[in-house]
Every structure is written in structure tokens, then in C-alpha cells.
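Single-letter residue listing:
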Amino acid sequence: MRLSKRGLLFALGLAPALLAFGGAQAQDALSGILKAKTVRIGIPTDYPPYGFVGIDLQPMGLDVDVANLIGAKLGTKVELVPVVSANRIPYLQTQKIDLIVSTLGKNEERTKIIDFSHAYAPFYQGVFALKATSIKSFDDLAGKSVAVTRGAMEDEMLAKVAPPTAMIQRFEDQSATTAAFAAGQTQVIATSVSNIGALSRKSPNLGVDYKLLLRDSPCFVGIAKGEEALREKVNAIILAAKADGTLEALSQKWLKRGTGDLPL
Amino acid sequence: MPDFTLWDIFRNLLMAARWTVALSLVAFIGGSVVGLALLVLRLSGGPLVGRLVGAYVQLFQGTPLLMQLFLLYFGMAMLGVNTSAWIAACVALTLYASAYLTEIWRGCVAAIPRGQWEASASLALSFGQQFRHIILPQALRLAVAPTVGFLVQVVKGTALASVIGFVELTKAGGMIANVTYEPMLVYSCVALMYFALCFPISLYARVLERKLQ
């Protein structure tokens, strides 16, 4: 009896202490990174060619290269943290990571909660289906099942343009979305052009066709709200990489196309 | 794009399966220790303690393990306590397993006739002696089957740790499926490995049950 009462009091006392600790932890992210000599960057491991795993399960891809580039320019070690579309922003908000370099598109809702750097790579999203499926406009999606990744840009875009009768099926990560479409669970898939490119190379017999352009939304680096010093530093790194052709080379290497006009 | 041979897929899954085993072991051991402590507390403490433990059990049985993982991983970070995925997964699985195990074992102890307690009390045994020498050996026999049944659930439950970015068997399977674009093959391998982990446990439980009869 006495023991449990004490336990309860302890728990009650602990909660405000934890809250106070949370408040005291606030520190400029850039100086935190430089002090720890490590920058923690959220990268995709389920989104070829931006981020995927090699034979030794080590991450590779365009985003991984950009993450390593940022780390090298900051002069710190890089800790690559695998994230998926749905959890990358919570990771940033809860300081599990310092930066998101994970095919992150910019939109109004997101700019309210996190900050963005300049764009570092192009990203085209589209609607794809088998050759036999006839889709000429978004209205043709009516009554069709569409696979999309929850929390990804495509999800949000699709919700705006698809007719209400389209059956949108949301999956937790890109691998589940792609697998669902490839297995014939859905008739249509909304994803990036490069993801479909990789899928077509791996299973040429599937006969996937490009149907509609959903959006051309370049990738930005995500930074916690109000971390101006870190944002300026990342912007400087991106601008320098753009000027010396590094970004163009990375885009050619992984996406087989140029960066095009990247917005600031 | 890297080309995975079947052996590459298998080898990587095996490496990731180590984490599934590690998580399961932590959940087994942590859950058993905490669960047993709660059981003793519940049996020896007064009605208030009993109700507190009951509330604890209800809390963890009534909420999805997924939410417990999210709360521990992201919720604690909001409070300023930075938990790694490993710590969060271990704590969540331990709490989860302890709640279920203490409830399973309570049922097993309750199944022992009241007379056994009374008889041992009449021999002037203390609570600890009654529990250890009279009740526990009998309850243990009853507990084997449901405990192992639950442990098999825990092994499979570790898959949920993938949602907080922990790369165990399921997560590794997802990652590989996404580069190879062969989900059927990869997930079959994953399922096979879970089976290879769970089946021997069930088998051992049968042997143990026979031995204890």
C-alpha cells in the first residue's frame, strides 16, 4: 500500500520535471550539430532511385548522396536515419533528426510546421496504370482503385484532383504501394516517375504506362521551424553544389535526366 | 540498381532476424520479470494494489501495441526525453508483455483450488513459502500452454517495431522488396523465417507440457 502511494507521488512529480527538461533542452540546431560533430539526416530507404538499399542493406541513392554532401560540407559525420513519408516530419519535430533529405515536397500545410531549404532535385509525380487501362483525365479515375503512399505529396494532390468515386487506397510506405500495384491489387498507382521507371526495368512484362502528370514538385531539405542558422548553412551548401554542377551530376547519375529549373 | 540474388535476400533477412530475436528475448525476459513482480504484488497486496495492477493490465490490453510504440518513441521526445528506437521498442514490448503475462498467470494461480492456500497456511507457511512451494509448481504446469502461446504472439508482435524505424525482419523485408520488386519472393522468405522462429517454441512447449504432467 505505502509503496504504491509513493510510486504514484513519484509519477506525479516526474511529469512536470520531464516537461521542464523538455523546455530547457532548446538549443540552436546548427551549434548542436557542430558540437556533436554529427548531423542526423532522415533519408528514404524505400524509394528508388532517391533512397534504397544495396546488397549489403546500406542505403544509397540521390537523397543519400545529398545527405552525405551536406555532412561533408558541414564538416561533421552523417548519421543516416531511415524514414518513410508518414513519419519523417514527426521525426524532425521531435528532434530525432536534424534534417529531412527524403524526397520532401513543399506545400502550404508543411511550411506552417517546418522550414525548407532551396530545392536540390527534381521530382515528377504521375498517375500510372497498365496499358489496357484507359485514363485520359482525372475524371477517368472514377470507380478505379488507386494505390498511393500515405502522407506523401501524391496523396494530397490526388485527394484534390481525383473524383470522389475514385477508390484511393493508402499504404504506409512506397514499397507497399508499389507492391500492391504490381500484384494487381489496385488498377492505378500514383507515384514518382522514377519509381515506375525502376519498376518497369525490373518487371518489363508488367506493361506499365504513364497516364497523367500529377505534379512537378522538386525535393527540398526539411529543417525544424525557426532554425535560421541551419537553414542558411544548408542553403549555402545547395547553392554551391548547384553552381559547381554537383547537383546536375547527381541528377544525371540517379534520375538519368538533368535537374531542370530548380526553384529557390 | 543492385541485383539481389536469392542468397543476398536470404542473408540480409537473416541478419535482420537477429534483431527480431533480440527484441523477442528482451520482451520475454523483461515481460516475465515485470509480470511476475506484478503478480506477486497483486496476490500479496491489498485491494487497492490489486486494482492498480488491474488498471495497468487494462491500459496495455486496451490500447494497440502500435500506439504504445508511437507514444514511447515520439511522445517521450515531445517531453524532452530522447529515446532511441531500440529503447522505445524494448520498453514498449516489455510493458506490453508484462501486462498480458501477469494476467495469464493470475488466471493460472486462480485456477489452483483455494484449499491449497488454506492448507499451506494452516502449516504456518508464510505467503512467500505458500506461493513458492505449494501454488507456483501447480500453477506453472497450467501456465505453460498459454504463456508459450503468448510468446509466439510477441515474436510476431516485434514486427510492429518497424514503424518507429527499427530495422528488424519485417522492415528489412520491405526494404529489399522495394529494390528487387519481388514482394512475393521476399515476403515468403520473411514468413518462412518467422515460422522458423515460432515453430520450435511451440514444439518446445509441447515437450515441456508433457514433462510437467
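Calculation rules
- Residues numbered from 1 in each chain as written.
- Chains lettered and ligands numbered in written order.
- Predicted model: local features only at pLDDT ≥ 70, side-chain atom pairs only at ≥ 80, totals over all residues.
- Core = buried A, V, L, I, M, F, W, Y, C linked by C-beta atoms within 7 Å.
- Buried ≥ 20, exposed ≤ 12 C-beta atoms within 10 Å, placed from the backbone.
- Helix = DSSP H or I, 4+ residues; strand = E, 2+ residues; numbered from the N terminus.
- Contact = placed C-beta atoms within 7 Å.
- Nonpolar A, V, L, I, M, F, W, Y, C, P; charged D, E, K, R; others polar.
- Pairing = 2+ DSSP bridges.
- Domains from an automatic or database assignment.
- Axes fitted to C-alpha atoms, helices over the stretch in contact; angles between N-to-C directions.
- Parallel < 35°, antiparallel > 145°, perpendicular 65-115°, else oblique.
- Left-handed = near helix turned anticlockwise from the far one by under 90°.

**Overview of the nonpolar core**
Okay, step 1: I41(A), I70(A), L99(A), L69(B) and A89(B) are the most contacted members of the largest nonpolar core, which totals 122 residues.
Okay, step 2: For this core, the element with the highest residue contribution is helix α4 (residues 85-110) of chain B, accounting for 13 residues.
Okay, step 3: Beyond its immediate sequence surroundings of up to four residues, L99(A) is in contact with V39(A), I41(A), I70(A), V221(A), G222(A), I223(A) and V234(A).

**Some points on the interface of chain A and chain B**
Okay, step 1: Each partner contributes to the interface: chain A provides 34 residues, whereas chain B provides 28 residues.
Okay, step 2: Listing elements by their share of the side of chain A that touches chain B, those giving two or more residues are α1 (2-24), β2 (52-53), β4 (77-83), α7 (174-182) and α8 (193-202) of chain A.
Okay, step 3: Counted by class, the side of chain A that touches chain B contains 18 nonpolar, 11 polar and five charged residues.

**Some details on unusual backbone geometry**
Okay, step 1: A cis amide bond links P48(A) with the next residue in sequence, P49(A), at an omega value of 0 degrees.
Okay, step 2: Tracing the backbone through its elements, the reader meets P49(A) in the loop between β1 (38-44) and β2.
Okay, step 3: With a phi close to 60 degrees, Q95(A) is a non-glycine residue in the positive phi region.
Okay, step 4: Positionally, Q95(A) belongs in the loop between α4 (88-93) and β5 (99-104).
Okay, step 5: The backbone phi angle of A124(B) is positive, close to 65 degrees, even though this residue is not glycine.
Okay, step 6: In this structure, A124(B) sits in the loop between α5 (114-122) and α6 (127-157).

**Some details on the pairing of strand β7 (residues 124-130) of chain A**
All names here are of chain A.
Okay, step 1: Of the pairings in the sheet, the one linking β7 to strand β11 (residues 208-216) comprises seven bridges and is antiparallel in character. Directly across from Y124, in β11, lies its bridge partner D216.
Okay, step 2: Bridge count between β7 and strand β10 (residues 188-192): five bridges; the pairing is antiparallel. Its bridge partner being in β10, V127 is matched across the sheet by A190.

**Here's the deal with the domain arrangement of chain A**
Residues and elements named next belong to chain A.
Okay, step 1: According to the domain assignment, chain A contains domain 1 (5-123 + 218-255) and domain 2 (124-216).
Okay, step 2: Centre-to-centre, using C-alpha coordinates, domain 1 lies 27 Å away from domain 2.
Okay, step 3: In this assembly, 12 residues from domain 1 lie in contact with 16 residues from domain 2.
Okay, step 4: Of the residues that constitute the side of domain 1 that touches domain 2, the class distribution is eight nonpolar, three polar and one charged.

**Observations regarding the sheet that holds β1(A)**
All names here are of chain A.
Okay, step 1: Spatially, five strands are ordered β4-β1-β5-β12-β6 in an open sheet, and the strand pairing comes out mixed. Single-partner strands in this sheet number two, and they are β4 and β6 (114-121). With strand direction ignored, the average angle separating the axes of adjacent strands in the sheet is 25 degrees.
Okay, step 2: Direction of pairing for β6 relative to strand β12 (residues 219-224): antiparallel, over a ladder of five bridges. Bridging across to β12, A119 finds its partner in F220.
Okay, step 3: Strands in contact with helix α9 (residues 228-243) are β5, β6 and β12; relative to β6, the strand with the most contacts, it is inclined by about 5 degrees.

**Describing the packing of helix α3 (residues 62-74) of chain A against α9(A)**
Axis angle and axis distance: for two packed helices, these are the angle between their axes and the distance between the axes, and together they describe the pair.
Residue and element names in this part refer to chain A.
Okay, step 1: Where α3 meets α9, the closest approach of the two axes is 10 Å, and the angle between their N-to-C directions is 110 degrees. If you check the angle between α3 and α9, you find them roughly perpendicular. Considering the relative orientation of α3 and α9, their crossing is right-handed. Where α3 abuts α9, its residues L69, I70, K73 and L74 lie against K233, V234, I237 and A241.
Okay, step 2: In terms of residue class, the contact of α3 with α9 is built from six nonpolar, no polar and two charged.

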